[in-house]
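The chain contents come next:
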There are 2 protein chains.
Amino acid sequence: MNQEGTVAAQPRAPRIVIVGGGFAGLEVAKALGRAGLPAVMLDRQNHHLFQPLLYQVATAALSATDVAEPIRKVLRRYESVQVLLGEVSEIDTARNTLRLADGLVLGYDYLVLATGAGHSYFGHDDWAERAPGLKTLGDARRIRALALLAFERAERAIEPDEQARLMTIAIVGGGPTGVELAGSLAELRRYTLARDFRSARPEAAKIMLIEAGPRILPAFLPETSDYARRRLEKLGVDVFTGTPVEDIGEDTITFAGHTVPVGVVLWAAGVAASPLGAQLGAPTDRAGRVMVDECLRAQGLSNVFVLGDAAAFTDPAGKPLPGLAQVAKQQGIHLGQGLARHIRTGAPLEPFEYRSRGNTAIIGRHAAVFERERLRLKGWIAWLAWAIIHVYLLVGFQHRMMVSLQWLWRYLTFERGARVMTEESFDVRTARLPTRTRTSGK
Amino acid sequence: MNQEGTVAAQPRAPRIVIVGGGFAGLEVAKALGRAGLPAVMLDRQNHHLFQPLLYQVATAALSATDVAEPIRKVLRRYESVQVLLGEVSEIDTARNTLRLADGLVLGYDYLVLATGAGHSYFGHDDWAERAPGLKTLGDARRIRALALLAFERAERAIEPDEQARLMTIAIVGGGPTGVELAGSLAELRRYTLARDFRSARPEAAKIMLIEAGPRILPAFLPETSDYARRRLEKLGVDVFTGTPVEDIGEDTITFAGHTVPVGVVLWAAGVAASPLGAQLGAPTDRAGRVMVDECLRAQGLSNVFVLGDAAAFTDPAGKPLPGLAQVAKQQGIHLGQGLARHIRTGAPLEPFEYRSRGNTAIIGRHAAVFERERLRLKGWIAWLAWAIIHVYLLVGFQHRMMVSLQWLWRYLTFERGARVMTEESFDVRTARLPTRTRTSGK
């Protein structure tokens, strides 16, 4: 390989570089590969991550490898696509080059930026250490270790107050991720951990879901929010709405004017686009997402496309699209096919149109919500639909089989298969997690 | 809980503390739990590890959670046993107390030390950084990331020599672990990775197994060693015997007077008992194992027992027992039942007798060896026997089902389900693993 990528063998084909192997980038690569067009797929991880199930890794239900697939393996049969592990540090849109963190420079004719989003702590960057968010496999393992460790420490605590504090978990943000974490942790403590401790009583652990807005699941209909709240409360979750978090201390959280002692704080509130987008020089929105035109081009750049959570795409009605896997995936398919056609035949790119497949969130066993236009499901049937759809969407047959079986097992036994911490993820001497060396978000 | 453990409710029962939830410690806890005797199980990890399959986690075949089970969950139904997460830092055999790293002090009437073994680099402690060994889940993830990363870097390498160096893996030590790692990595590169790269050719990766002694698998019969060598060579492994390693450099390994550029070095050679044993003040052997009498008591200490890899037990013929899971397990069962009987009825402890269930090592697909007295199996039949026995021995039905299915899947497809690195396990900027903060061994 030379510095120009791998296209030397086909000198006439334009050089296409895709950054990010998430739902959007992967679809672009597949479409180009199917058309036999050379492309380079760059990611700083070796795996594609099925983010919709990541909360299950964080709550010890699935193992990290169940929801991740090597990008290389997914793209194996597309021989014109080369996968490279690397982190982009600079984009030079004047020279059409990318520089990687380790110095490698790649030229491109077309650049596809699909680098997703990380967390925003609304200016309180010191909260990042104390309240991890959930975007990567590392995040999920960290949250799992934090939660399991809190119960381990509670088992050893001598003072009842300290034991109660350790078993208090606050989740900030009442969107689907916050609701899913709260529901899953509530079930973990009630059904799985309850019989395993002698001194601590995990079933008495306090779980708080704290939302700044007037209701949880704000993207759903008000009656759906009500249903979700009732179901969470039935699981013993304390739901607070209209209560923005004011401070996160070492062992406390402050909201609605009260400071509560807490063992674990998880962050499911703000999202910020990958910082790479800002380097394009194109306009961005408040969350750092690059404004794109109807063909997914970064505004003012004819050969740079931005997709998925990194992009701010406004539909014809003027509404920005939400940060969902299905949006990213549809954009990837649209751009990949359009770009392949454009390169092969010169046909112009067509405007992207989003078709919602419906909105879904899971609250717990037998409790989920699903909305699509006039169709609204909740409870059992939504839960089943959610499970079937998510297994179906998992990349790779082995994952589907394994995840289905683990779910079946958990359903029948109330067990969780992944209640494991490794010595990488916590410091057993202090019973605390090590300081994170970097924040998540790619 | 008070500082004296949890026995306050039954003041007459002696306080028993078990350190280490491996094969030995777990069996002691179960036997005491079955007898309803109070005991505390201390471990610095939250999980029991099925070490015989750990090399499969290291070679991306199984996921970490497939071979680990929360100690708490295993001991759930023994209500008299309390499980605590903690690391012992000091043992005071005069006062019969243990101090944990975080300051907690536990008193004991009987102490069972089953803390296993770590690695010995024969005085070359600087090699530990460059040649990780395989004892913990963290080790396995680290080795997996190192090996996968070497291929990722090779795909990006420009110089053919550098590419060849990166894809050279040296394994030091020709015992079962070394043989299993070599065979499994040879299959990984030949069957699984081969089609996934464009520039690098993983199937051409060089795998070297380096043994100081005259033959690999020295605990087996000479003809078994010959068979294993032939099978490894058929998989493309270069086997070197009678060649002690002289140096491990940053990117090189030196043996038999030659220095070879290398991408990954793995250590499967020396073993050293957990350093905790030395604190007892009882005599230890060269590997730091505590000399125990026929009843598994540390020499000179009537109320301290040492089991498994931490102990040097000599059978009546004067032969020390090998560091095998089956030895540890049998010792745990023997001591647990004996101690329970002793406490309940005053019956004296009986001498431990080891009954070998046979020796086994796996080389690759369809190739394993098994020896037990006059019975010798190799090839297909030994491979099948190995797989069935190991699945049967796995703690927990879910693990059995999942591991069986993953094996079946891999067998049919040549895929591996766990080719995933997380950002915790490597630094993508330099494409190197982070510096380890501690050596393994507990």
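Remember, it's a predicted structure, so these values are computed and weren't measured experimentally.

Calculation notes
- Residues numbered from 1 in each chain as written.
- Chains lettered and ligands numbered in written order.
- Predicted model: local features only at pLDDT ≥ 70, side-chain atom pairs only at ≥ 80, totals over all residues.
- Heavy atoms only, no water.
- Helix = DSSP H or I, 4+ residues; strand = E, 2+ residues; numbered from the N terminus.
- Rg over C-alpha atoms; globule rule 2.2 N^0.38 Å.
- Buried < 20%, exposed > 50% of the residue type's maximum accessible area, 1.4 Å probe, protein only.
- Phe/Tyr/Trp six-rings, centres within 6.5 Å; stacked < 30°, edge-to-face > 60°.
- Expected span 1.5 Å × (residues − 1).
- Contact = heavy atoms within 4.5 Å.
- Pairing = 2+ DSSP bridges.
- Axes fitted to C-alpha atoms, helices over the stretch in contact; angles between N-to-C directions.
- UniProt positions renumbered as here; feature names shortened; annotations may be inferred.
- Least-squares fit on C-alpha atoms with pLDDT ≥ 70 in both.
- Buried area = accessible area lost by both parts, 1.4 Å probe.
- Salt bridge = Lys/Arg side-chain N within 4 Å of Asp/Glu carboxyl O.
- Polar contact = N/O pair within 3.5 Å; in protein donor to acceptor, adjacent residues only side chain to side chain.
- Patch = residues over 30% accessible without salt bridge, like charges linked within 9 Å, V, L, I, M, F, W, Y side chains within 5 Å.
- Areas by Shrake-Rupley, 256 points an atom, 1.4 Å probe, with all protein chains shown as cover.
- Lys, Arg positive; Asp, Glu negative; His and termini not counted.
- Charge placed at Lys NZ, Arg CZ, Asp CG, Glu CD.
- Domains from an automatic or database assignment.
- Parallel < 35°, antiparallel > 145°, perpendicular 65-115°, else oblique.
- Left-handed = near helix turned anticlockwise from the far one by under 90°.

A. The overall build of chain A, seen in detail. For chain A, the count of helices and strands is 11 helices and 24 strands. A globule of 442 residues ought to have a C-alpha radius of gyration of about 22 Å, and chain A, at 22 Å, matches this closely. Along the first, second and third principal axes, the C-alpha set of chain A runs to 70 × 50 × 45 Å. Within chain A, the fraction of its 442 residues that count as buried is 59%.

B. Up close: the packing of aromatic side chains. Residue and element names in this part refer to chain B. Counting across every chain of the model gives 18 aromatic pairs over all chains. Seen from their ring centres, Phe23 and Phe50 are 5.7 Å apart, and the 70° between their planes marks the pair as edge-to-face. Within this pair, whereas Phe23 is found in helix H1 (residues 23–34), its partner Phe50 is found in the loop between strand S3 (47–49) and helix H2 (54–58), the two being separated by 27 residues in sequence. Across this residue pair, the class does not change: Phe23 and Phe50 are buried.

C. Region of interest: helix H9 (residues 325–345) of chain A. Residues and elements named next belong to chain A. Taking 1.5 Å per residue as the helical rise, H9 with its 21 residues ought to reach 30 Å, and the 30 Å between its terminal C-alpha atoms agrees with that figure. Every buried residue belonging to H9 is among Gln326, Val327, Ala328, Gln330, Gln331, Gly332, Leu335, Gly336, Gly338, Leu339 and Ala340, and all of these are buried. Close packing links the buried residues of H9 with strand S1 (16–19), helix H1 (23–34), strand S9 (110–113) and strand S20 (304–306). With its phi angle positive at about 80°, Gly346 sits one or two positions after the end of H9.

D. Region of interest: the sheet that holds strand S12 (residues 206–210) of chain B. Residues and elements named next belong to chain B. The strand order S13-S12-S11-S17 describes an open sheet built from four strands, whose pairing is parallel. Across the chains shown, the open sheet's two edge strands, defined by having one partner strand only, are strand S13 (237–240) and strand S17 (264–267). Neighbour to neighbour, the strand axes of the sheet diverge by 20° on average, direction disregarded. Pairing of strand S11 (residues 168–172) with S17, which is carried by four bridges, proceeds in the parallel orientation. Residue pairing for S17: Ala170 is matched across the bridge by Val265. Strand contacts of helix H7 (residues 176–192): S11, S12, S13 and S17, with the helix running at about 175° to S12, the strand carrying the most contacts.

E. Spotlight on unusual backbone geometry. The phi torsion at Leu296 of chain B lies on the positive side, around 75°, for a residue other than glycine. With respect to the helices and strands, the residue Leu296 of chain B is situated in the loop between strand S19 (290–291) and strand S20 (304–306).

F. Layout of the UniProt feature "domain: FAD/NAD(P)-binding" (unreviewed entry) in chain A. Summarizing the sequence annotation, UniProt attributes the feature "domain: FAD/NAD(P)-binding" (unreviewed entry) to residues 15–332 of chain A in the numbering used throughout. As a span, residues 15–332 of chain A carries 28% helix and 25% strand, and end to end its C-alpha atoms are 18 Å apart.

G. The arrangement of the relation of the copies chain A and chain B in detail. When chain A is brought onto chain B, the operation consists of a screw motion whose angular component is 180° and whose axial shift is 0.0 Å, with 0.0 Å RMSD remaining. Taken together, the rotation and translation relating the two chain copies correspond to the operation of a two-fold axis. A high fraction, 100%, of the interface residues of chain A reappear at the interface in chain B, so the copies pair face to face through one surface.

H. Focus on the environment of Ile210 of chain B. Residue and element names in this part refer to chain B. Secondary-structure assignment places Ile210 in strand S12. By relative accessible area, Ile210 is classed as buried at 2%. C-alpha of Ile210 to C-alpha of Ala269: the two residues are 59 residues apart in sequence and 9.4 Å apart in space. If we ignore the near neighbours within four places in the chain, the residues touching Ile210 are Ala170, Ile171, Val172, Gly173, Gly174, Phe240, Thr243, Val245, Ile253 and Phe255.

I. Molecular detail of the interface of chain A and chain B. Contact residues are listed per partner, giving 67 residues for chain A and 67 residues for chain B. Across the chain A/chain B interface, buried area totals approximately 6,700 Å², and carbon plus sulfur atoms make up 51% of it. When the buried surface of chain A facing chain B is broken down by residue, Arg72, Arg76 and Arg156 of chain A rank first, second and third, together holding 13% of it. There are six salt bridges connecting chain A and chain B. The partner of Asp102 of chain B in a salt bridge is Arg156 of chain A, with the nearest N and O atoms 2.5 Å apart. On inspection of chain A and its partner chain B, the count reaches 25 residue pairs in polar contact (both at pLDDT 80 or more).

J. Here's a closer look at the sheet that holds strand S16 (residues 258–261) of chain B. All names here are of chain B. Judged by pairing direction, the sheet is antiparallel, and its three strands sit side by side in the order S14-S15-S16 without closing on themselves. Two strands close off the open sheet at either side, each with one partner strand: strand S14 (245–248) and S16. Ignoring which end each strand starts from, the neighbouring axes of this sheet average 20° apart. As paired elements, S14 and strand S15 (residues 252–255) share three bridges and run antiparallel to each other. Counted as the bridge partner of Asp247 is Thr254 from S15.

K. Looking closely at the pairing of strand S23 (residues 367–372) of chain B. Residues and elements named next belong to chain B. For S23, a buried count of five out of six residues is recorded, marking the element as mostly surrounded by other parts of the structure. Across five bridges, the pairing between strand S22 (residues 359–364) and S23 is antiparallel. Note that in S23 the partner of Asn359 across the bridge is Glu371. Taken together, the four bridges between S23 and strand S24 (residues 375–378) define a ladder with antiparallel strand orientation. Opposite Phe370, over in S24, you have Leu377 as the bridge partner.

L. Layout of the pattern of salt bridges. All names here are of chain B. One pass over the full model with this rule turns up 34 salt bridges over all chains. Note that Asp92 is salt-bridged to Arg95, the shortest N-O span being 3.9 Å. Relative accessible area serves as the criterion here: at 28%, Asp92 is assigned to the partly exposed category. Linking Arg201 and Glu203 is a salt bridge whose minimum nitrogen-to-oxygen distance equals 3.6 Å.

M. Region of the structure containing a negative patch on the surface. All names here are of chain A. Residues Asp125, Asp126, Glu246 and Asp247 make up a contiguous surface patch of negative charge. Positionally, Asp126 belongs in the loop between strand S10 (117–120) and helix H4 (127–130). The class of Asp126 is partly exposed, set by a relative accessible area of 42%.

N. Representation of the domain arrangement of chain A in the model. The domain architecture assigned to chain A consists of domain 1 (7–44 + 86–116 + 274–345) and domain 2 (120–270 + 365–413). When each unit is reduced to the centre of its C-alpha atoms, the spacing between domain 1 of chain A and domain 2 of chain A is 33 Å.

O. Up close: the side chain of Gln326 of chain A. All names here are of chain A. Counting through the fold element by element, Gln326 comes out in helix H9. Looking at Gln326, the relative accessible area reads 16%, which means it is buried. Separated by 2.8 Å, the side chain of Gln326 and the backbone oxygen of Gly358 make a polar contact. Those residues in contact with Gln326 that sit more than four places away from it in its chain are Tyr354, Arg355, Ser356, Arg357 and Gly358.

P. Local environment of the side chain of His48 of chain B. Positionally, His48 of chain B belongs in strand S3. Reaching out from His48 of chain B, the side chain makes a polar contact with the backbone oxygen of Gly21 of chain B at a distance of 2.9 Å.

Q. How the structure looks around the packing of H1 of chain B against helix H9 (residues 325–345) of chain B. Residues and elements named next belong to chain B. At a minimum axis separation of 7 Å, H1 and H9 run at an interaxial angle of 25°. With respect to H9, the axis of H1 lies roughly parallel. As for the relative orientation of H1 and H9, their crossing is right-handed in sense. Within the contact between the two elements, H1 uses Phe23, Ala24, Glu27, Val28, Ala31 and Leu32 and H9 uses Ala325, Ala328, Lys329, Gly332, Ile333, Leu335, Gly336, Gln337, Leu339 and Ala340.

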